[in-house]
Amino acid sequence: MRSHYCGELNLSHDGQEVTLCGWVHRRRDHGGVIFLDLRDREGITQVVVDPDTEEAFALADKVRSEYVLKITGKVRPRPEGTVNSAMTTGEIEVLGQRLAILNSAQTPPFQIDEYTDVGEDIRLRHRYMDLRRPEMQEKLILRSKISQTVRRYLDEHGFLDIETPALTRATPEGARDYLVPSRTHAGSFFALPQSPQLFKQLLMVSGFDRYYQIVKCFRDEDLRADRQPEFTQIDMEASFMEEEQIMGLAEGLVKKLLKEIKGVELGDFPHMTFAEAMSRFGSDKPDLRIPLELVDVADLMARVDFKVFKGPADDPKGRVAALKVTGGAELSRKQIDEYTKFVGIYGAKGLAWIKVNALENGANGLQSPIIKFLGEDVSMRIMTRVGAQNGDIVFFGADRANIVNEALGALRCKIGADLNLYTKEWAPLWVIDFPMFEADEKGNMTALHHPFTAPTCTPQALEARPMEALSRAYDIVLNGYEVGGGSVRIHQQAMQEAVFRLLNIDEAQQKEKFGFLLDALRFGAPPHGGLAFGLDRLVMLLCGTDNIREVIAFPKTQSAGCLLTRAPGQVDATQLRDLNLRIRRDPASATSH
Ligand code: ASP
């Protein structure tokens, strides 16, 4: 129907007759002349309709916001003084000659022509309208461009796009599974994949050598701003490569994206061990744009007679750390109280602080409710250790190490954002040398990455000292977000069985859950490894937003529902019977989103 997209027109089309199709973004009646801003995915063009073109004028008079029109007319330069340099089409307009109303529209539930701050619920309920907004179109167009760039890059590097099943068995990635009841196998369930992990490894066993897929994964977890229950991975795997080569390929992809999408040249990504990241930043995904660091002071605090500090300082599982904020002495009491509340979210029981007013006066120059407990000597030693200067503030965390890390790690990012301490726009890094295992709350060992990750040691050494073993895993971190992660895999059956044993998966369970993998490892599995990027997160960062729902066409809410379709929904009794299911609770009383 159309000859051009609205957003495509400029002075080079002067004098041409064009036909545009799109939505009425705005309509203005200027004393006898009607201006219609016509919008499509590429942008907006101003159309002028004069009363002399009677038929067109009569129709233009009728149209309202969001009507769908087809307009034929002539491109002409805008009259002097009316050029709009903020619009790509701002130098021209179309003199509308023929106009057809393809469809009418009710008054939109919210304004499309201005990015007003509409509640997210309303936006999600009417997502098809929300997505009409130019800002949303831009984001999804960028997303498509990013996917294309990824495909092109991986294709150029010899990766084959191979699909893996969505109805499958559980693949442990540490989250709860979404289950799908089987009709043909009464009482049995499929699991939606938390990732294609096992299938991609099997593809390596089959010799495909380099695989990738842009693929939906499903994890039934509590949601955060940067997580969705179904999300998209750029999943890759390759054979006969060590970590350097896999990481090099992945790094190349991120560099290419930043270059193509943002015009930014990233240098080589630094590598940092997990231990160093935790110690300096309290996080395994440190935001290196922020120049603040955690400094251990347990040895000094162990000398004081103040339980709050001495307890954790003496506890092997404890940590006492300081976080110096340059120029932070200006923070008000109220702000400090807010930060105290903030660290409480992460389980910290309080937030001690020292303001550095006049170091030359010794402890007298320090302002803090805790100086009296620490005494002059320890206080001053701490100041030296953290390199404090007049005008700084030093915060303290003292608790179990994981609480201190989470609390001060998050505080570091919050203060970095609040005080805008960012030193650069993009800060990528690799985090390496992860432990193989961690202990959960009950003290059980769980895999830090997933159970298919290779350790750096032999099966014997692994079984002898599992908690000390490091894995051949690597995470790629960008601006404080884990955008990808992967590992060299276990490709020998003995090692895989050792890991299963350590994870308390006994032989019967191994056979039942992972028999196919163990079998495959016996049939000439090549050394292999890979990585998966979170596409949504990457797009989110490249779009400059911190809300993942902004870059997904039809996202779920925080409670993992869809406001548009009202999924999940109830099903009728016949369907349940077919699936051999009975609902225990009265579904009507079940809470929905
Ligand atoms: N399957 C892993 C994940 O989803 C990524 C990988 O190890 O390749 O986290």
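See the structure above.
Residues numbered from 1 in each chain as written. Predicted model: local features only at pLDDT ≥ 70, side-chain atom pairs only at ≥ 80, totals over all residues. Heavy atoms only, no water.

**Describing the sheet that holds strand β12 (residues 294–296)**
At step 1: With antiparallel pairing, the five strands of this open sheet are ordered in space as β12-β13-β16-β14-β15. Looking at which strands have only one partner, the edges of the open sheet turn out to be β12 and β15 (366–367).
At step 2: Here strand β13 (residues 318–325) runs beside strand β16 (residues 393–400); their pairing, made up of eight bridges, is antiparallel. Residue Val320 lies in a different strand from β16, and its bridge partner there is Ala398. (Pairing = 2+ DSSP bridges. Helix = DSSP H or I, 4+ residues; strand = E, 2+ residues; numbered from the N terminus.)

**Comments concerning empty space enclosed by the protein**
At step 1: All chains considered together, the criterion is met by two cavities of 30 Å³ or more.
At step 2: Its boundaries defined by the atoms lining it, the largest cavity holds a volume of some 40 Å³.
At step 3: Around the largest cavity sit Phe159, Met236, Glu237, Ala238, Met241, Ile246, Leu249, Gly529, Gly530 and Leu531, which together line it.
At step 4: Taken together, the residues of the lining of the largest cavity break down into seven nonpolar, two polar and one charged.
At step 5: Considered as a void within the structure, the second largest cavity measures approximately 30 Å³ in volume.
At step 6: Forming the boundary of the second largest cavity are Leu124, Arg127, Phe554, Pro555, Cys562, Leu563 and Leu564.
At step 7: Residues that form the lining of the second largest cavity fall into these classes: six nonpolar, no polar and one charged. (1 Å grid on protein atoms, 1.4 Å probe; cavity = no way out; pocket = protein on both sides within 12 Å on 5 of 7 lines; lining within 4 Å. Points joined across faces, edges and corners; volume = space filled by probe spheres on them. Nonpolar A, V, L, I, M, F, W, Y, C, P; charged D, E, K, R; others polar.)

**With respect to the nonpolar core**
At step 1: Judged by nonpolar contacts, the single largest core of 63 residues is most densely connected at Ile146, Trp430 and Phe533.
At step 2: Ranked by residue count, the leading element in this core is helix α6 (residues 243–262), at nine residues.
At step 3: Among all residues touching Trp430, those that are not within four sequence positions of it are Met247, Ala250, Glu251, Phe269, Pro270, His271, Met272, Tyr474, Asp475, Ile476 and Leu531.
At step 4: If you look at the next biggest cluster of nonpolar residues, it comprises 25 residues, including Phe306, Phe309, Ala363 and Ile371. (Core = buried A, V, L, I, M, F, W, Y, C linked by side-chain atoms within 4.5 Å. Buried < 20%, exposed > 50% of the residue type's maximum accessible area, 1.4 Å probe, protein only. Contact = heavy atoms within 4.5 Å.)

**Digging into the sheet that holds strand β17 (residues 428–432)**
At step 1: On the basis of which strands lie adjacent, the open sheet formed by eight strands has the order β6-β9-β10-β22-β21-β20-β17-β11 and mixed pairing. Single-partner strands in this sheet number two, and they are β6 (160–161) and β11 (271–273).
At step 2: Looking at chain direction, strand β20 (residues 473–478) and strand β21 (residues 481–488) are connected through six bridges and run antiparallel. When the sheet's bridge partners are listed, Leu478 is paired in β21 with Tyr481.
At step 3: Set on the sheet, helix α4 (residues 134–156) makes contact with β6, β9 (210–218) and β10 (230–239); between it and β9 the angle comes to about 150°. (Axes fitted to C-alpha atoms, helices over the stretch in contact; angles between N-to-C directions.)

**Focus: the site of the ligand**
At step 1: If you check the shell around the ligand, you find 14 residues, and the closest are Glu173, Gln197, Lys200, Gln233 and Arg489.
At step 2: One of the side-chain N or O atoms of Arg489 is found 2.7 Å from an oxygen atom in the ligand.
At step 3: Between the ligand and Leu531, the relevant distance is 3.5 Å, taken from an oxygen atom to a main-chain nitrogen or oxygen of the residue.
At step 4: Taken by itself the ligand offers 270 Å² of open surface, and the protein chains cover 92% of this.
At step 5: Sorting the residues of the shell around the ligand by element identifies α5 (197–205), β21 and β22 (528–534) as the ones contributing at least two each. (Near = heavy atom within 4 Å. Polar contact = N/O pair within 3.5 Å; in protein donor to acceptor, adjacent residues only side chain to side chain. Areas by Shrake-Rupley, 256 points an atom, 1.4 Å probe, with all protein chains shown as cover.)

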